[in-house]
Amino acid sequence: MALTTTGLSLVFALLATGAIVVGVAVGEERASASIALEPDPEPEPEPEPEPEPDPRPVPDELVPPSPLRTCSIATPASDPRLGQFQAHVIDVATGDTLFDRSGDNPQPAASNMKVLTAAAALAALGPDYRLTTRVVAGDEPGTVVLIGGGDVTLSALPPGEESFYPGAPKLADLAAQTVQAYAAANPDEPAISRVLLDTSYFPDDDRWDSSWDRSLQTIGYASEVTALQVDADRANPRAQESPRSTDPVARAGAAFAQALAAAGNPGGAPGTERGQAGAGAQLAAVQSQPVSQLMERMVLDSDNSLADAIGRVISRHYGLGGTASSLTAAFEQALATYGVPTDGLAVRDASGLSNLNQIPPQYLAQLFTVIERSPNLALITQSLPVAGQSGTLRTRFVGANAAAAGQVTAKTGWIDNVFTLSGLMTASDGSRIAFSLYALGPVNFSAREALDTVTTAIHGCGDNLANI
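Residues numbered from 1 in each chain as written. Predicted model: local features only at pLDDT ≥ 70, side-chain atom pairs only at ≥ 80, totals over all residues. Heavy atoms only, no water.

J.: Sorry if this is basic, but what is going on with the pairing of strand E4 (residues 143–147) here?
T.: In regular strands, side chains alternate between the two faces of the sheet. With 5 of its 5 residues buried, E4 lies for the most part within the structure. The two faces of E4 match: Thr143, Val145 and Ile147 on one face and Val144 and Leu146 on the other face are all buried. Pairing analysis gives 4 bridges linking strand E3 (residues 132–137) to E4, with the strands arranged antiparallel. Each residue of the ladder has a partner; that of Arg134, found in E4, is Ile147. Here E3 folds back onto E4 in antiparallel fashion, the turn holding 5 residues, of which Gly142 has a positive phi close to 80 degrees. Following the backbone out of E4, through helix H4 (residues 171–185) and into the adjacent parallel strand E5 (residues 194–198), one traces a crossover that is right-handed. (Buried < 20%, exposed > 50% of the residue type's maximum accessible area, 1.4 Å probe, protein only. Helix = DSSP H or I, 4+ residues; strand = E, 2+ residues; numbered from the N terminus. Pairing = 2+ DSSP bridges. Right-handed = clockwise from strand over helix to strand, strands pointing away.)

J.: Please explain the packing of H4 against helix H6 (residues 248–262) as it appears in this structure.
T.: Each pair of packed helices gets described by two things: the angle between the helix axes and the distance between those axes. Viewed as axis vectors pointing N to C, H4 and H6 meet at an angle of 55 degrees, and their least axial separation amounts to 8 Å. If you check the angle between H4 and H6, you find them oblique. Both H4 and H6 take part in a crossing whose hand is right-handed. Counted together, Leu171, Ala172, Leu174, Ala175, Thr178 and Val179 of H4 and Ala252, Ala255, Phe256, Ala259 and Leu260 of H6 form the full contact between these two elements. Here the residues of the contact of H4 with H6 sort into 10 nonpolar, 1 polar and no charged. (Axes fitted to C-alpha atoms, helices over the stretch in contact; angles between N-to-C directions. Parallel < 35°, antiparallel > 145°, perpendicular 65-115°, else oblique. Left-handed = near helix turned anticlockwise from the far one by under 90°. Contact = heavy atoms within 4.5 Å. Nonpolar A, V, L, I, M, F, W, Y, C, P; charged D, E, K, R; others polar.)

J.: I tried to follow helix H7 (residues 291–300) on my own but got confused; where do I start?
T.: Spacing of three or four residues puts side chains on the same side of an α-helix, whose turn is 3.6 residues. Within H7, 7 of the 10 residues are buried, which leaves the element mostly enclosed by the surrounding structure. All of the buried residues in H7 are Val291, Ser292, Leu294, Met295, Met298, Val299 and Leu300. Packed against the buried residues of H7 are helix H3 (113–124), helix H8 (304–317), helix H11 (378–383) and strand E8 (408–415). One or two steps after H7, the chain reaches Ser302, where phi turns positive at roughly 55 degrees.

J.: When you look at the packing of H3 against helix H9 (residues 327–335) in this model, what are you seeing that I'm missing?
T.: As a packed pair, H3 and H9 sit with axes 8 Å apart at the nearest point and diverge in direction by 65 degrees. Handedness of the crossing formed by H3 with H9: left-handed. Across the interface between the two elements, Met113, Leu116, Thr117, Ala119, Ala120, Ala123 and Ala124 from H3 touch Phe331, Ala334 and Leu335 from H9. A per-class count over the contact of H3 with H9 returns 9 nonpolar, 1 polar and no charged.

J.: How should the pairing of E5 be read in this particular structure?
T.: Counting buried positions along E5 gives 4 out of 5 residues, so the element sits mostly inside the fold. As paired strands, E4 and E5 are joined by 5 bridges and run parallel to one another. Along E5, the bridge assignment pairs Ile147 with Asp198. The pairing of E5 with strand E6 (residues 271–274) spans 4 bridges and is classified as parallel. Among the inter-strand pairings, Val195 is bridged to a residue of E6, identified as Thr272.

J.: Whenever I open this one, the sheet that holds strand E1 (residues 84–91) confuses me. Can you help?
T.: The pairing of strands in a sheet comes from backbone hydrogen bonds and takes either a parallel or an antiparallel form. The strand order across the open sheet formed by 5 strands is E2-E1-E10-E9-E8, and the pairing between neighbours is antiparallel. Two strands close off the open sheet at either side, each with one partner strand: strand E2 (97–101) and E8. Strand-to-strand, the axes of this sheet are offset by a mean angle of 10 degrees, without reference to chain direction. When E8 meets strand E9 (residues 418–426), the two strands line up antiparallel, connected through 8 bridges. For Ala410, the partnering residue across the bridge sits in E9 and is Gly423. The sheet strands contacting helix H10 (residues 361–373) are E1, E9 and strand E10 (432–440), and the helix crosses E10 at an angle near 155 degrees.

J.: Help me out: how do you make sense of the nonpolar core in this one?
T.: Generally speaking, a soluble globular protein has its nonpolar side chains buried in company with each other. In this structure, Leu116, Ile314, Phe331, Leu335 and Ile359 are the most contacted members of the largest nonpolar core, which totals 64 residues. Put simply, the parts of the chain that give this core at least two residues each are H3, H7, H8, H9, H10, E9 and E10. The biggest single contributor to this core is H3, with 9 residues. Contacts of Leu335, omitting those with residues within four sequence positions, involve Leu116, Ala119, Ala120, Thr342, Leu345 and Tyr363. Listed in part, the 30 residues of the second largest apolar core include Leu82, Ala387, Leu393 and Ile433. (Core = buried A, V, L, I, M, F, W, Y, C linked by side-chain atoms within 4.5 Å.)

Listed below in structure tokens is the structure:
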């Protein structure tokens, strides 16, 4: 019984073990089947990346830091002799503005205006342009017409004698050509008995600006602006400053009549009267020196009559009639060539005599940077007075200001309550500087020395000039 019981126990044990094994297998199979039937879970979406911040804007070209400039001219620039001081100073090499005092404010530029006239003449007319005075046959027998072309340098002095304008054309040459040509064309009646004076190239009613003081004429600084005159209407053709007449056309006509007689006109000196040319053939002509040479007299000696004549010729070149009222438009058109904005410019005359001209110092300084960089404009630089050496700067920059003598080439300017000085310099550090300085009223002649002192201070600072 014991064995049987033990055997049964063993069977039951084996059965129990098998049942467990089978149960495990079945469970695993069911579990496997259950896992296989379930769909794969969808993967969780990856989080979207955070947007990158917009990059900080960067200029196309990195601007180098401006140099720290420490040299001050505040003391000479505050000199009370300068009145209301305006200025603009530029480093030519870099174009940097070194110093500015209301430089964009338009003011009368006095004779600094002649720099604009020279630049406009080179742009519009060119350096080789010459002014022509002609004689043509009149519509009636015995009549010739003398036609003015704006050449104020035409001289009444006899051959071999030089006027204030060396090398100027001579009325005697024009008369000799006329007598010969008229006699050849009229062998039966070779005498010239009447000369008509044609001044229509400039308007006859636009000869004297209302803003000009008539004392400028009587003292001898300027003549009326007429297309026909001789020796800029000077009483003394050889003197820079000489009284002018109240009728330069009549004076020129009388001189031509005498020249015709001296040239052998069979009728002697003919009568003269105002008139205009018809369709008659040209008998004679003489020409001025080229603009390149006229500019030297105009700028170096600050010749007002020559400047105003050239200004009117520029107007005629652009078809604007040669009037004073057309000068702003004519100059803007000519000066646009140089790429310097002409905003604020108002041109009442080409000489600078008018207090109604409006030229910002900044414009002049910028124009001088163009003049410095352009070989075609070297004629202007060559025409400028040199401090302590030539022209209207010959007697300036002395004493304490002698340090800048010979290093500054600039145009001077003066009218009532306005003194100006604009140009170029080689500073003490070798840098090239363009500058324009205005001393504005109430000021007197002591402003000249004050301007020279400021200029000398700029020369000493050079590229280290601080705008303080």
